[in-house]
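Coordinates in review
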Amino acid sequence: MKSISYDTAPGRETHMSIQIRNLTKSFGKLTAVDRLSLDIEKGEIFGLLGPNGAGKTTLLSMLAVLMTPTSGTATVDGNDIVKAPLAVRKCIGMVFQGGSLDNLLTARENLQLHAKLYGVPMEVREQRIAEALELVELTSRANDRAGNFSGGMKRRLEIARALLHRPAVLFLDEPTVGLDPQTREHIWSYIKKLARAEEMTIILTTHYMEEADLLCDRIALIDRGKIVALDTPDGLKRRMGGDRVKLGCAKACSAAMLARIKKFPFVKSVSQEDGQLVLVVNNAPKHLQKLLKIVGDVEEVHVLPASLNEVFLQYTGREIRDESAEADMQAMVSGPGRHR
Amino acid sequence: MSSLEGVLAVWWREVVVYTREKERAISSVVTPLIWLFAFGAGLGASISVAGLNYQSFIFPGILAMNVLFTSMFYGMYVVWDKKLDVLKEILIAPQPRWVAFSGKVLGGLTICAIQATILMAVGALFMGIEITPLSYLSALAGALLFGMGSASLGLFIGAKLNSPDSFSLVMSFVMWPLFLTSGALYPIEHLPAYLQVLVHVNPMAYGVDLVRGALLNAWTYGPLLDAGVLLAFGALFFWLGKSAFEKMNLG
Ligand SMILES: Nc1ncnc2c1ncn2[C@@H]1O[C@H](COP(=O)(O)OP(=O)(O)O)[C@@H](O)[C@H]1O
Ligand SMILES: [Mg+2]
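Report on the accompanying structure. (Residues numbered from 1 in each chain as written. Chains lettered and ligands numbered in written order. Predicted model: local features only at pLDDT ≥ 70, side-chain atom pairs only at ≥ 80, totals over all residues. Heavy atoms only, no water.)

A short note on the coordination of the magnesium ion (ligand 2)
Perfect tetrahedral coordination of a metal by four donors corresponds to 109.5 degrees between them, and perfect octahedral coordination by six donors corresponds to 90 or 180 degrees. Donor atoms from the polypeptide that coordinate the magnesium ion (ligand 2) comprise Thr57 of chain A (OG1) and Gln97 of chain A (OE1), at 1.9 to 2.2 Å from the metal. Of the two residues, Thr57 of chain A sits in helix 1 (residues 56–63) while Gln97 of chain A sits in the loop between strand 6 (92–95) and helix 3 (107–117), which places them 40 residues apart along the sequence. (Donors = N, O, S within 2.8 Å, 3.2 Å for Na, K, Ca; no water. Helix = DSSP H or I, 4+ residues; strand = E, 2+ residues; numbered from the N terminus.)

Listed below in structure tokens is the structure:
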């Protein structure tokens, strides 16, 4: 992989929200985050996509000054995480991977506690709490204990809480892990709404490809504490070569036909597998017509869009959704004591 | 000031959570009552100590025991908060770490005060212990002076531990020894010399003495020495606990 060079010193560039330089965290022999460097722009939704144990939470924990780095440094909104921890904390909001609500407090009380700890001025406190509850559609449940909420409601309340002090940077650690698909889409719509409404940088970690693809402006694929690829979702998929197209031809393809197909600039490769023509094509939906014109009659057409999973596979030789990810979901479901 | 507001916010949180955790609240009052009635009345039927019936004699000691166990478990409870991300949510706030620590200590002391009040009410109503407003207040002050040190000690241990598995070790090697060598259950004058040394270096002995003196006017060390030792114990562990909170890395 090409190494990225950084010309500017951290903190200089004002349009940068986060600048990470050679950040490292070791736990004994294990290096959870390994000399990682990264710039994140203001207003960006940035995704850290990687399997369980890749070091995503550790990276966020250092940026949120919950953990001191073993070496290296980073700035958040211009504040150095080692030298100015309090300034960093003031400008960030965080939604943790595990449950972080007080189950015995009501939704409103949870928000009140946060507002007091973050010094949200008394005059605007109640109004902001009301707005935050409104945003995540929990107004009618404001006086119910958080312990009685479903997983999705809890997550929504946590997001609302993280916004009370109007952070410049919002960290979301696996915001939809363990939630059912419908609730997950619900949360996604809040995140999108936020990104539009506020001038906020959002950094989210996930091991769901779909989530990163759908929400993020840019994605870093992270594996064993290192960034293995960094690009826009489309850019990453393009590196894969493109979409996979399978055409079940009525009759066998002639060599001349194959040669003509290969000449298209958008066709990356062509092969034949038991009567089917398998192509890797850039932006298949757009170019399908031209292909069909040459091939003639087909009995079936399959288009498999390029997925980040394949990109990840290509860069690391491993699937992103492995058993340990499933095991983690189990642990999340079966209770607090066993998480991690 | 926002730091003061932070302390008050954490304090408020601790007290509200305590009042809603019915099981914890009930068991922490019932346990000392069992000691008083089963142990005190059972053994006490045949014994009198220092001119007092045995149940009255151990009453201040059980009150101090309740402070010790309640505040230390309360402190070690942060191990659970650490397992969930509840503690992170408080510690990530733009407040110095002493804010969360002080709020927790205040919360622990408030819980101890509530329980000590309940116990003293039971003592006055059902055990014939004479309690005046003044003796109530001085016994409460003594209990809290000791509680400051033991709550800080519990928080200190909680900040250092990574899993609740070691709770029973702390019970065996810290809590029971502190309790059993504090003179809570017997007068220390009759102990062999080497055991007396253990009592004299045990800060809880001074807490028991202060509470017993306040309620029964029976002193071993006297109020000044008691208060002095307890203040030193409290200050030392408050500082150690605060430093442990500052060093705590949350993964
Ligand atoms: N406090 C800790 N002590 C020891 N090892 C840790 C700690 N936190 C994380 N790790 C290890 O660091 C690696 C990265 O963990 P983590 O950052 O939680 O990954 P992710 O969030 O990507 O799943 C894992 O191997 C994990 O076991
Ligand atoms: Mg994680």
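Structural notes on the sheet that holds strand 13 (residues 276–281) of chain A
Residues and elements named next belong to chain A. Spatial strand order, 12-13-11-14: four strands in an open sheet with antiparallel pairing. The sheet is open, and its two edges are formed by strand 12 (267–273) and strand 14 (298–304), each paired on a single side. With direction set aside, neighbouring strand axes in the sheet form an average angle of 15°. Pairing of strand 11 (residues 243–249) with strand 13, which is carried by six bridges, proceeds in the antiparallel orientation. Bridge pairing in strand 13 places Leu247 opposite Leu277. (Pairing = 2+ DSSP bridges. Axes fitted to C-alpha atoms, helices over the stretch in contact; angles between N-to-C directions.)

Digging into the interface of chain B and chain A
Listed by partner, the interface residues are 28 residues for chain B and 34 residues for chain A. Between chain B and chain A, the buried area comes to about 3,000 Å², and carbon and sulfur atoms account for 60% of it. Of all residues in chain B, the largest losses of buried area upon contact with chain A belong to Arg20, Glu89 and Ile92 of chain B, amounting jointly to 24% of the total for that side. At the junction of chain B and chain A, the tally comes to eight residue pairs in polar contact (both at pLDDT 80 or more). A per-class count over the side of chain B that touches chain A returns 15 nonpolar, four polar and nine charged. (Contact = heavy atoms within 4.5 Å. Buried area = accessible area lost by both parts, 1.4 Å probe. Polar contact = N/O pair within 3.5 Å; in protein donor to acceptor, adjacent residues only side chain to side chain. Nonpolar A, V, L, I, M, F, W, Y, C, P; charged D, E, K, R; others polar.)

Considerations on the site of ligand 1
All names here are of chain A. Looking at ligand 1, the residues that line it are Phe27, Leu30, Ala32, Pro51, Asn52, Gly53, Ala54, Gly55, Lys56, Thr57 and Thr58. With respect to ligand 1, the backbone of Ala54 contributes an N or O atom lying 3.2 Å from an oxygen atom. Residue Thr57 places a side-chain N or O atom 2.7 Å away from an oxygen atom belonging to ligand 1. No other element matches the three residues that helix 1 contributes to the shell around ligand 1. (Near = heavy atom within 4 Å.)

Some words on the pattern of salt bridges
Residue and element names in this part refer to chain A. In total, this model carries 20 salt bridges over all chains according to the counting rule given. Linking Arg141 and Asp144 is a salt bridge whose minimum nitrogen-to-oxygen distance equals 2.5 Å. What makes Asp144 partly exposed here is its relative accessible area of 28%. We note a salt bridge from Asp223 to Arg224, for which the minimum N-O separation is 3.6 Å. With a relative accessible area of 57%, Arg224 lands in the exposed category. (Salt bridge = Lys/Arg side-chain N within 4 Å of Asp/Glu carboxyl O. Buried < 20%, exposed > 50% of the residue type's maximum accessible area, 1.4 Å probe, protein only.)

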